[in-house]
Structure formats: C-alpha cells, structure tokens
Amino acid sequence: MWRFYHIVKGNYLQYARSYSFLLTVAGSLFIAFGIIPSPEANYVTMKFGNFTGAYNSAWIGMVSALLASILLSMFGYFLISGSIKRDIDSRIGQIIGTTRVTNYTYILTKIICNFLILLSILGIIFVVSIILFFLYSNGYPFELSQFILPYIFIAVPTLFIVASAAVFLEVLFPNYRILQYGVYLVLFFTLLFSSTVDESTFSTDVLGVQFPTQHLSEQIAQKFPDQNVALTVGLVAGKISAENKVPIEPLSFPTWFFISRMFWIIFALVLGYIASKLFHRFDTKERKGRSKTTSEIPLVKKAGFQLKNMSHETEFTTSLTPLIKAEVVLMMRKNNRWVWALTLIGMIAMGFVSSTISHQFILPIVWFLQVAIWSDIVSKDYTLRTHYFTSSSYKPLSRLFVSRIVAGNLLALFIAFPLLIKVAMSGDFTAFINIILGALFIVLLAVFLGALTQSRKLFEVLFFFIVYCNLNLVAITDYFGAVHSTMMYSVSLAALNLILFASAFLLKLRHERQ
Amino acid sequence: MQLTIQNLTKKYGKNKIGLNDYSLEISSGILGLLGPNGAGKSTLIKMISSISKPSEGKIFLNEEDIVKSPNYIRKQLGYLPQDFGVYPHLNAYEFLSYMAAMKGIGGKGLQQKITNLLEELNLIESAKNQLGTYSGGMIQRVGIAQALLNDPKIIIFDEPTVGLDPEERLRFRDLISDLATDRIVILSSHIVSDIESIADEVAIMKKGHLLAKGIQEKIIKLVENKVFVTTIHKSDIPEFKANNMVVSSYRSDDKFKIRYISDSPHASSNLAEPSLEDAYIYLTKS
C-alpha cells in the first residue's frame, strides 16, 4: 500500500508541477466561471424550455456538478490520455518493467493518478461554484450538502470511469492515439445520448446525468404544466426573465442511483483489470513486429570509421526547400495508414458532395484527423529529445521554425485541395480565401500552443473543442469561414493569424535567447 | 582555428552556479574534458554549441563572438550530444537528409556523402529501416554520422563511445585523431582511458571550476612521486580506503593490490608510474 501511494504521488506530482497543470488550473477556473453565468449574463448553460433555476444551493450545486461531469468526461479525457506513453518516452517504463510492480498495480496507479488530476479540476470548479453562490444567490440560504452530494454522486464516479477508460484505451491501442480518441468519442456520444432514465436500465447512464436532469425537468413541469420543458445544455444565447427562474427543491438521491454509480466504479476497476492483462509492460518493440525488423538489421561485420572514405563535396545552402520537404515527410510518416485512408475518403467525399456540406462538416473532420501531426509540431523536439540538434542548427528560428509552419500549412491545404478547387470553380472567392486562412490558423494555433506549453495537450483539447463547435455551427469558432462569408471576416481571420504567428515567433525567440 | 572562452559563468536561478568564471583557450587538436557528474562539462558544451547562453562572459571562435552571433559556430559545428533522440518514423537516410537540411547542407554530393557516412559507420544495410527499430549502438552511430555531415571545423563529442562495441570504440578513437589534424575536437567523457589515449590537451573540471588544463604530461606531473602500489588483506580495505586516496584495487588471490595517492606512503609500498587517471582522482578528490 505504501509503495502504491508513492507511485501515485510521484505520478501526480510529475504532472502537478508542470506548466501544463498551471494552464489546466487556469482553464478550470474559466470553465467554472463559465458554467454558472451571472444573473445578468446574456447566456445560460442549462435551461428547460424557457425556464431555468433560481440561484439557490440546490440549483448551483446540481448544475455545476452536472456540467462538470459532462465537460470533464469530454475534455478531461484528452488531458489525461497518454500517461503510459509518457513513461515510455521518459524511459521510466523500462525501469518499471523490471520491478516487482504488478501490471494491475501499475495500471491502477495510472487510473488513480488520472482520477486525481481530474479531481483537482473538479475541486476547483466545486470551490468556485460555492464562491459564485455567495455572489449570485440573492438571499437564498447556503446548504453545503446541496453542493457536496451532487458532486459525489454524479461527477466523482464519472471522473473515475473516464480515468479508467483513458488507460484502457491506451493499453488496447498502443501507438494509435487517433484510434484511442476516435473510440472514446464514439463511446462518449453514444452513451450520452442513448442512456435512459428508466430505473430498470439505469446502468446505461454512465455520466449519471439523466436522473438528476429529469428531476429538474419534472419540478419545472409541475409548476408550468402547459409549457415545453425540453432540456438544452451548452452555451445558449439569450436572457431568461426573473419570473422564469424557478427555485429548485433539493434532490434526495435514491438507493438505486447510488448502486448504479457504484456499479460504474466497479466496472472501471474491472476495465483496469482487463487492461492489466493486455498491458505490454513496456515491451513495445515486440508488439511493433520485431521479427520483421531484426531480420533486416545485420550484425556488425566491420567498423570502418575511415575519415577519408566519409568525405564528399557538399554545398552550403540556406534554401528552405529541403527543410520543408523533410518536414512534410516527417509529418506524413507520423500518421498511421488507416488515418490516411480515412483522410483520403474525406478528400474524395469533398469532391462529390455539396460545397456547403464539405466546408461545414467534412473539412473540419479531415483536418481533425491530422491532430497528431500538428499537435507536436513544436514540442516534438522535447518529447523525442532532438532539441540539441534543432537548437544548434543553422538559423533555427528563421529556417526550421518557418519550415515547420509552411510544411504544416501545405499539408492542410493539400487535404482541403478538392474543396478549394470546387469553391474556386464556383467563383466563391471569399470561401477560397477563408479555407486558406483556416489552414494557416490551425497550424499557427498548434505552433503557438506548442511553443507556449512545450506540450501537445492543450492544442489537442482545444482543437477537439473547436471541431465540436464547428460541427454544431457555433459561429465564434468558425476559423475557416464555414458560416461566415464576408470579406471583413477574412480580414479578421488574417489579423488573427498574424497575431498568432507573431506571438509564436516571440515565444520561440525568447526560448532561444534563454 | 582558435576557440577562446573568457570568464564564462552560468547561473541557474539565484544560487545555483553551473559554471563559474571559466576561461580556456583551445586550438586545433583534441581537448579532453574530464570531471565528475555536476562538474559543469555539459553546461560548458551547451554554451559552446550555442544551445544555451552564458550568464556572464564571452566565447570567441576565430575572434567572432559566438554568444552574439551563434550562427557563426552553428555553420561549422558538429555536435554529438550525450543524451539525444531521433525521429523514430524516419529511416537513417531520411534522418541524415533532414539533419543536413537543418545544417544548411545540400548540393548534388549530399546523397553520396550520406551513403559514405552510413557505409563507414556500418549502417548501410539497415539504412532503409525506421530508426525506431535501431539498437542503442546503432543510434549512437547515426548520431556520429550527423555530427560529421557538414565537414565541421569544430566538433564536440559528449560521451561518444557509449553503446559502441570494443572494436568500434578503438576505430572511433582513430577517427577522432584523424579529425583533429585541422579541426578543434572537444571530447567529454567519464572514461579516462578514452581521453588518455588521444587527447592532446586535457581540462579537468569540478563544481563549475577549471582545476587544471594542459598537455597530459603537465597534468600527470602533479602526482609525480605520489602514486604508490601496495598489497593488503581484504579485511583491511575499509580502513585503508578511509585514510587514503585510493585510485583502484585489484584482487590477487586472497589479497588486494591497491593503487593509491599519498604524500607519505605506507611501509611496503612501491612507487608507481603516474597516469592521467591518478591525476584526475588527485585533483577531483582533493
């Protein structure tokens, strides 16, 4: 137990002391303030028809717990995934593999550590929700249990399941990050939308949100029986009048709900157990197909090391072309073949379906498929420990840095090529420009966030969030002009790109000077 | 070629000093850098190779201030870091082409140059395999190849023989000697014998300071008439080690042959021929 505690502590501290964690804390604060809008705000995060709750303890406690459960199960996954990969990259895994730590202990420590990271974020949201209660409640009494109970019954079990699922998928699909993400997203949305509130089938509600939302809905329906009380969750624009803010009664969680949440915790532990049986224990080369590679690697027959045989005339060149070509090769190799196959399908589809559908739905998806390529466009030097080579290369900032942006952009444009041709042929010049600016934006965003955090995580989380909003046609996240078609919008996008480039460049310059 | 380091200091935060008021002049030839962990060897190497900047002091290469103009040295630098990685999805050809592009090397002869390097470093038959499948020794040879790609005038090898087999290690020493005829080669290693056999000059460092620098004979002279050999029983070793500066010990039957440094030798000790290792131990443990 003592050993287990120290492994978990070590893992957690490793993350908690990183710069990424600071950003995570900042993001958590942002989310916490966002999910409980001020009474004067022009948006709501949860409403039932035209009604919402008055800011008493029961409403703020319940809504913050529900939204934290949904948001953290979606974005939190991206934050914590890759914990085993980090041990492989840092070579700690090889040491762990030779210790007496069992597979199940190791997997469990990873699950617990992931859980603690998510719990830290939840803790921040919890504290902020109480602070916001005192700011917004307008005389309602403070009841601590109305905050604690929803968090314990709804959010905490959900986070444990997410923590376990992240480890399970990483074990199941090692080296296939996109596949891990894809499977998780499919599962997440399937479970979110297909779960029921029927007591006999309670176990399908993984997130534990259906029963509490039904309770809220029923209360409002009782007071306004003739009104539509359909649930809407998200950033919903519009203000709700004071008379439509209903004081919600506290929910007493029934025993079956408690059992249901316990069931999911046990399921998460079982998932961890299955993962421990499938775990590669850091023998990753074996799984890559050792027989193929070792047969091709010859034994050392001779060691020449003769200087006279090594020399050959070369030329000094400052051309960026070889660097861009090399970067493109590096990027192309990063993705698995099946990702390219899906990308190709998407590209072909863009040639056949309408420009609007291609622009609004297919393009953001096929670009998102390249998330693994762009997310470490800057940080790969640190994760792969090639930074000594890149830092001591000739003019790294004006050559290598620029080449990476150009290569990333070329790739984005290549993927968008069928759509670009289509909109060009239809004479839609604004859409043509916006797609090019969008390609530049997504690469520059990856470069900027990579330079800022030296990690790929923040970009991946943000990119996913942006794509999710794109598919829901949220106008503010339209970085490639799918829902805007004015020239003024193109100018704004260009300005945004310029700011991103300048910020990323200054960050890299600062790194170089330090 | 002349590399001049003037009063170089590297501070990490307020209190931690990686290198303290360090000055050195290096001409063509091999300079061996010796020092225990934390001596500041890697800190010095990173500053010479323009990866990090000094807190104080200057570095000149042929009278050009490379702290202000890092690209001057980058253009003619070959650097093999101690702990480096590679891009696992590239093969050796692609990786070296990429490195060449980063260094600004091109032209029609580039592919031939890469082929020559791969052949001489015994990587040609696996050159089409992805680097992720290479062994540690093979990666080390890829690292050596990238360091020599641009026909560098100043070469820095940080622990270069790690992962090489004994035969490769000997041949690599010869290669370094060949390189040093008209270049500056800085060789950092924990293995004194690697440096002893090839370095023209040796610099011994400890806790960010330069303890001694010069030709090997001059450094070895510091322990002249101070190195002795004696034979003692196994049970006496702990006490002997506690009171003497022991360089090495070899088992001989049930006794141990001890090589140690002292101004006042024990009875039955024989004076020994001093070596670079003796001088290194003497300077760093004093």
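Up top is the structure.
Everything in this summary refers to the structure shown in the same document. (Residues numbered from 1 in each chain as written. Chains lettered and ligands numbered in written order. Predicted model: local features only at pLDDT ≥ 70, side-chain atom pairs only at ≥ 80, totals over all residues. Heavy atoms only, no water.)

Residue and element names in this part refer to chain B. Within the open sheet, the 4 strands sit side by side as β13-β14-β12-β15. Their pairing is antiparallel. Two strands close off the open sheet at either side, each with one partner strand: β13 (245–252) and β15 (270–271). In terms of strand pairing, β13 meets strand β14 (residues 255–261) through 7 bridges, oriented antiparallel. Looking across to β14, one finds that S252 is bridged to K255. (Pairing = 2+ DSSP bridges. Helix = DSSP H or I, 4+ residues; strand = E, 2+ residues; numbered from the N terminus.)

The next subject is the interface of chain B and chain A. If you look at the interface, chain B gives 65 residues, while chain A gives 52 residues. Taking both sides of the interface into account, the surface hidden between chain B and chain A amounts to around 5,200 Å²; carbon and sulfur atoms contribute 61%. Joining chain B to chain A, the criterion identifies 2 salt bridges. Across the salt bridge formed by A:R333 and B:E94, the nearest N and O atoms sit 2.5 Å from each other. Viewed at the interface, chain A and chain B are joined by 19 residue pairs in polar contact (both at pLDDT 80 or more). Every element with two or more residues in the side of chain B that touches chain A is listed here: α2 (70–74), β6 (77–80), α3 (92–103), β7 (105–106), α4 (110–120), α5 (136–148) and α6 (166–179) of chain B. In this structure, strand β5 (residues 315–316) of chain A lies alongside β7(B), joined through 2 bridges in antiparallel fashion. Looking at the pairing, A:F316 lines up with B:I105 of β7(B). (Contact = heavy atoms within 4.5 Å. Buried area = accessible area lost by both parts, 1.4 Å probe. Salt bridge = Lys/Arg side-chain N within 4 Å of Asp/Glu carboxyl O. Polar contact = N/O pair within 3.5 Å; in protein donor to acceptor, adjacent residues only side chain to side chain.)

Here we come to the environment of A:I433. Structurally, A:I433 is set in helix α20 (residues 429–453). A sequence separation of 311 residues divides A:I433 from A:L122, and the C-alpha atoms of the two residues are 41 Å apart.

A separate point is α4(B). All names here are of chain B. Of all 11 residues that make up α4, 8 are buried, and the element is covered over most of its length. All of the buried residues along α4 are L110, K113, I114, T115, N116, L117, L118 and E120. Residue N122 follows α4 closely and has a positive phi angle near 55°. (Buried < 20%, exposed > 50% of the residue type's maximum accessible area, 1.4 Å probe, protein only.)

All names here are of chain B. One open sheet holds the 4 strands; their spatial order is β2-β1-β4-β5, and the pairing between them is antiparallel. A single partner strand is all that each edge strand has here, and the edge strands are β2 (16–27) and β5 (64–65). Pairing of strand β1 (residues 2–12) with β2 involves 8 bridges; the strand directions are antiparallel. Within β2, the residue paired with I5 across the bridge is L24. Contacts from helix α1 (residues 41–48) reach β1, β2 and β4 (56–61) within the one sheet, and its direction differs from that of β1 by about 120°. (Axes fitted to C-alpha atoms, helices over the stretch in contact; angles between N-to-C directions.)

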